[in-house]
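This is what each chain is made of:
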Amino acid sequence: MLKSCIRPTASATTRHGLYASSSSSVTLLHTTTVRWNQQPKNSLTESSVPSTKLGRFMQYGSLVASLSAGAASESLKRAVGVSQPLMVGASPFLTQANVDRVVKTLTQMRGAALKLGQMVAIQDSGMFPKEIEQVLSQVQAGANYMPRRQMRAVMSSELGPQWQSKYATFEPVPFAAASIGQVHRATLHDGRAVAVKVQYPGVADSIDSDLAHLKSVGLMAGFLPKGLFLDNSMAVARRELLWETDYLREATWMRRFHEQLASHPLGQVLDAPEPIDDLTTAKVLTMTLVPGVALGNVADMDLDARKLVAETTLRLTLVELFEWGYMQTDPNWSNFLYDPATSRIKMLDFGSAREYSWGFLARYANVLEAAMNQDREGVLRWSEELGFLTGYETDAMRDAHVTAVLALGAPFTSETFDFGDARKVTGEVRDLIPTMLEYRLSPPPDETYSLHRKVSGVFLLCARLGVTLPCQQLLRDALAQFRGRQRRGEIPLPTEANRPRTAPLS
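Residues numbered from 1 in each chain as written. Predicted model: local features only at pLDDT ≥ 70, side-chain atom pairs only at ≥ 80, totals over all residues. Heavy atoms only, no water.

**Remarks on the environment of Arg306**
For step 1, the next point in the chain: Relative to the assigned elements, Arg306 resides in helix H9 (residues 303-324).
For step 2, the next point in the chain: Along the sequence, Arg306 and Arg464 sit 158 residues apart, while their C-alpha atoms lie 9.5 Å from each other.
For step 3, the next point in the chain: With sequence-adjacent residues up to four places away left out, Arg306 is seen in contact with Val298, Ala299, Met301, Leu465, Gly466 and Val467. (Helix = DSSP H or I, 4+ residues; strand = E, 2+ residues; numbered from the N terminus. Contact = heavy atoms within 4.5 Å.)

**Some remarks on the pattern of salt bridges**
For step 1, the next point in the chain: Tallied over the entire structure, the rule returns 19 salt bridges.
For step 2, the next point in the chain: Where Lys454 meets Glu320, a salt bridge forms, and the shortest distance between an N and an O atom there is 2.9 Å. Of this pair, Lys454 sits in helix H14 (residues 446-465) while Glu320 sits in helix H9; the two residues are 134 residues apart in sequence, bridging distant segments of the chain.
For step 3, the next point in the chain: Judged by relative accessible area, which is 0%, Glu320 ranks as buried.
For step 4, the next point in the chain: Close ionic contact of Arg485 with Glu490 constitutes a salt bridge, the shortest N to O distance being 3.4 Å. (Salt bridge = Lys/Arg side-chain N within 4 Å of Asp/Glu carboxyl O. Buried < 20%, exposed > 50% of the residue type's maximum accessible area, 1.4 Å probe, protein only.)

**Describing the nonpolar core**
For step 1, the next point in the chain: Among the nonpolar cores identified, the biggest contains 114 residues, and Met155, Tyr167, Val196, Phe257, Phe322, Met347 and Phe419 are the most heavily contacted of them.
For step 2, the next point in the chain: Not counting chain neighbours up to four residues away, the residues in contact with Met347 comprise Phe257, Leu261, Leu270, Asp271, Ala272, Pro273, Leu316, Glu320, Gln328, Asn335 and Phe336. (Core = buried A, V, L, I, M, F, W, Y, C linked by side-chain atoms within 4.5 Å.)

**So, helix H8 (residues 247-262)**
For step 1, the next point in the chain: End to end, H8 covers 22 Å across 16 residues, agreeing with the expected 22 Å (1.5 Å per residue, within 8%).
For step 2, the next point in the chain: For H8, the complete set of buried residues consists of Tyr247, Arg249, Glu250, Ala251, Trp253, Met254, Phe257 and Leu261.
For step 3, the next point in the chain: For H8, the capping residue at the N-terminal end is Asp246, with a side-chain oxygen 3.2 Å from the backbone nitrogen of Leu248. (Expected span 1.5 Å × (residues − 1). Polar contact = N/O pair within 3.5 Å; in protein donor to acceptor, adjacent residues only side chain to side chain.)

**Considerations on unusual backbone geometry**
For step 1, the next point in the chain: Phi at Asp349 is positive, roughly 55 degrees, even though this residue is not glycine.
For step 2, the next point in the chain: Assignment of secondary structure puts Asp349 in the loop between strand S16 (344-347) and strand S17 (354-355).
For step 3, the next point in the chain: With a relative accessible area of 7%, Asp349 lands in the buried category.
For step 4, the next point in the chain: Phi at Gln374 is positive, roughly 55 degrees, even though this residue is not glycine.

**Re the side chain of Ser450**
For step 1, the next point in the chain: With respect to the helices and strands, Ser450 occurs in helix H14.
For step 2, the next point in the chain: The exposure class assigned to Ser450 is buried, which follows from its relative accessible area of 1%.
For step 3, the next point in the chain: Engagement of the side chain of Ser450 in a polar contact is seen with the backbone oxygen of Glu447, the distance being 3.3 Å.
For step 4, the next point in the chain: Residues within four places of Ser450 in sequence aside, it is in contact with Glu240, Thr329, Arg354 and Tyr356.

**Section: the environment of Tyr392**
For step 1, the next point in the chain: The topology assignment puts Tyr392 in the loop between helix H11 (376-386) and helix H12 (395-408).
For step 2, the next point in the chain: Given the relative accessible area of 72%, Tyr392 is considered exposed.
For step 3, the next point in the chain: With 48 residues separating them along the chain, Tyr392 and Arg440 place their C-alpha atoms 9.8 Å apart.

**A closer look at H12**
For step 1, the next point in the chain: End to end, H12 covers 20 Å across 14 residues, agreeing with the expected 20 Å (1.5 Å per residue, within 8%).
For step 2, the next point in the chain: Of all the positions in H12, only Met397, Ala400, His401, Val402, Ala404, Val405, Leu406 and Ala407 are classed as buried.

**Observations concerning the packing of aromatic side chains**
For step 1, the next point in the chain: Taken as a whole and judged by the stated rule, the model has 15 aromatic pairs.
For step 2, the next point in the chain: For the ring pair Tyr167 and Phe170, a centre distance of 5.7 Å and an interplane angle of 55 degrees mean the geometry is tilted. One exposure class covers both Tyr167 and Phe170, and it is buried.
For step 3, the next point in the chain: Where Phe417 meets Phe419, the ring centres are 5.0 Å apart and the plane angle is 85 degrees; that geometry is what we call edge-to-face. Side by side, Phe417 and Phe419 carry an identical accessibility label, which is buried.
For step 4, the next point in the chain: Each member of the aromatic cluster is reached from another via a ring pair, and the members are Trp253, Phe257, Trp324, Tyr326 and Phe350.
For step 5, the next point in the chain: The ring of Phe175 is capped by Arg185, whose NZ or CZ atom sits 4.3 Å from the centre of that ring.
For step 6, the next point in the chain: Taking NZ or CZ as reference, Arg256 lies 4.0 Å from the ring centre of Tyr326, over its face. (Phe/Tyr/Trp six-rings, centres within 6.5 Å; stacked < 30°, edge-to-face > 60°. Lys NZ or Arg CZ within 6 Å of the ring centre and 35° of its normal.)

**Some points on the packing of H11 against H12**
For step 1, the next point in the chain: Following both chains from N to C, one finds H11 and H12 inclined at 105 degrees, their axes separated by 10 Å at the closest point. When the axes of H11 and H12 are compared, the pair comes out roughly perpendicular. Here H11 contributes Arg376, Val379, Leu380, Ser383 and Glu384 to the contact with H12, which in turn contributes Arg398, Asp399, His401, Val402, Thr403, Val405 and Leu406. (Axes fitted to C-alpha atoms, helices over the stretch in contact; angles between N-to-C directions. Parallel < 35°, antiparallel > 145°, perpendicular 65-115°, else oblique.)

**Things to note about the environment of Pro411**
For step 1, the next point in the chain: By the element assignment, Pro411 lies in the loop between H12 and strand S18 (417-418).
For step 2, the next point in the chain: Using a relative accessible area of 3% as the deciding quantity, one classes Pro411 as buried.
For step 3, the next point in the chain: Along the sequence, Pro411 and Gln472 sit 61 residues apart, while their C-alpha atoms lie 7.0 Å from each other.
For step 4, the next point in the chain: Not counting residues within four places of it along the chain, the set of residues in contact with Pro411 comprises Phe417, Phe419, Phe459, Cys471 and Gln472.

**Comments concerning the pairing of strand S9 (residues 193-199)**
For step 1, the next point in the chain: Burial analysis of S9 places 6 of its 7 residues in the buried class, the great majority of the element.
For step 2, the next point in the chain: Taken together, the 7 bridges between strand S8 (residues 181-187) and S9 define a ladder with antiparallel strand orientation. The residue of S9 that forms the bridge with Ala186 is Val194.
For step 3, the next point in the chain: Taken together, S8 and the strand that follows it, S9, pair antiparallel across an intervening segment of 5 residues, in which Gly191 is found at a positive phi of about 95 degrees.
For step 4, the next point in the chain: Alignment of S9 against strand S11 (residues 284-288), held across 5 bridges, turns out to be antiparallel. (Pairing = 2+ DSSP bridges.)

**Structural notes on the confidence of the model for the protein chain**
For step 1, the next point in the chain: A residue-level look at the protein chain finds 75% of positions with pLDDT of 70 or above and a mean pLDDT of 81.
For step 2, the next point in the chain: Note on residues 1-42: pLDDT is under 50 here. Beyond four places in sequence and across chains, it has 130 contacts.
For step 3, the next point in the chain: Note on residues 122-127: pLDDT is under 50 here. Beyond four places in sequence and across chains, it has 23 contacts. (pLDDT = per-residue confidence, 0-100.)

Written out as structure tokens, the structure is:
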């Protein structure tokens, strides 16, 4: 029998802070059963997850039909002069009603559909018009949770029919839901509070078909910009989605970060949950519950808290790159929590964690150093070494690429950088995007999809927090340590043998 049920004395959870607990104290109240009739304490919506390939195909088919009907209606409105398009020159598919249909379907489908939308939504690259970015922001905020019958079926399949007895308490209504799974509060028999992440049924098996359907919908509706190297983007997305649906892989990375931080100077302000191995499978992940609020909420706190969070996340990114050689690459602000009571930051969600080769990082360090020094020739040389450029681009493309890299390196070009100016950098890059999409001869290196997503997310967080940071010194310190290790032979210098290989565009 379950002996107790955990209840926070005050609610301080956020929709996507996947493992956030209440920032207040937690009270244990005695009871004898899981409260299967409990109602949600937040704004999450219950909806069944299409768990078979046929069911998911039917959902996409319905979406295509409704988008086509919407486009036909919009074409008629344009013919009679009563249309109000989202933006000038937009495809007739791109209407408010159609984008609402897309958001609703992705939110209901979850899995690859919602995750891909959220991966794109975190970007601020200027690749999408602002109207599409507004749509993507809705996708970023959206997620439903599965009915209890589906949750119980997953738990029974993964932990056995008596899974409930393995927890002292288990709250059947999740406190958070995202693209791949939902998270429940529970307690172990030793009294520890834990978070239990339960994967939606069918999402792992439907990745390939989901991506194929999404590609078709995106191309048909005109949601995807030209020059995106869609096949390469989809291949990278597929690999990352396979990682994220493997909770055993995530548990391994979680433990690696947990142990690394325990012995690292960053551990003074930063830590990670600990996985509970005997209650973790490929589709269920049990970990210690950590308190805090999503980092986006820190914007309402005092300057000291904002500077601590911003500088720590930027320092962590540089440590991951140039000291550890591996990184938690999902920059969703709710994948990090801040606990005001202890002034500590908690890392969460290691599904997209990955390693980078030292050959890649050696060249990437050279690009960053050249950008910091506003060295155009250095940026060009090492961009070609990394595979950003082939060496056969037009002068316009080469100039646009170098100018964009120098603009993005702006935070490192002076002793301090006011992230209130970050939007100016975004605007400069946005103006260069059309040229780069038109004239690029090869897709960016695969490593940079996740890496730049993380760096972009950190910069956007710093901008949201409205802080001024000594970015240049942080980078100089990281590079000095990196160069020292190269001189000692601990990590390699760039050589032809460790040069990253970029597949030619077919």
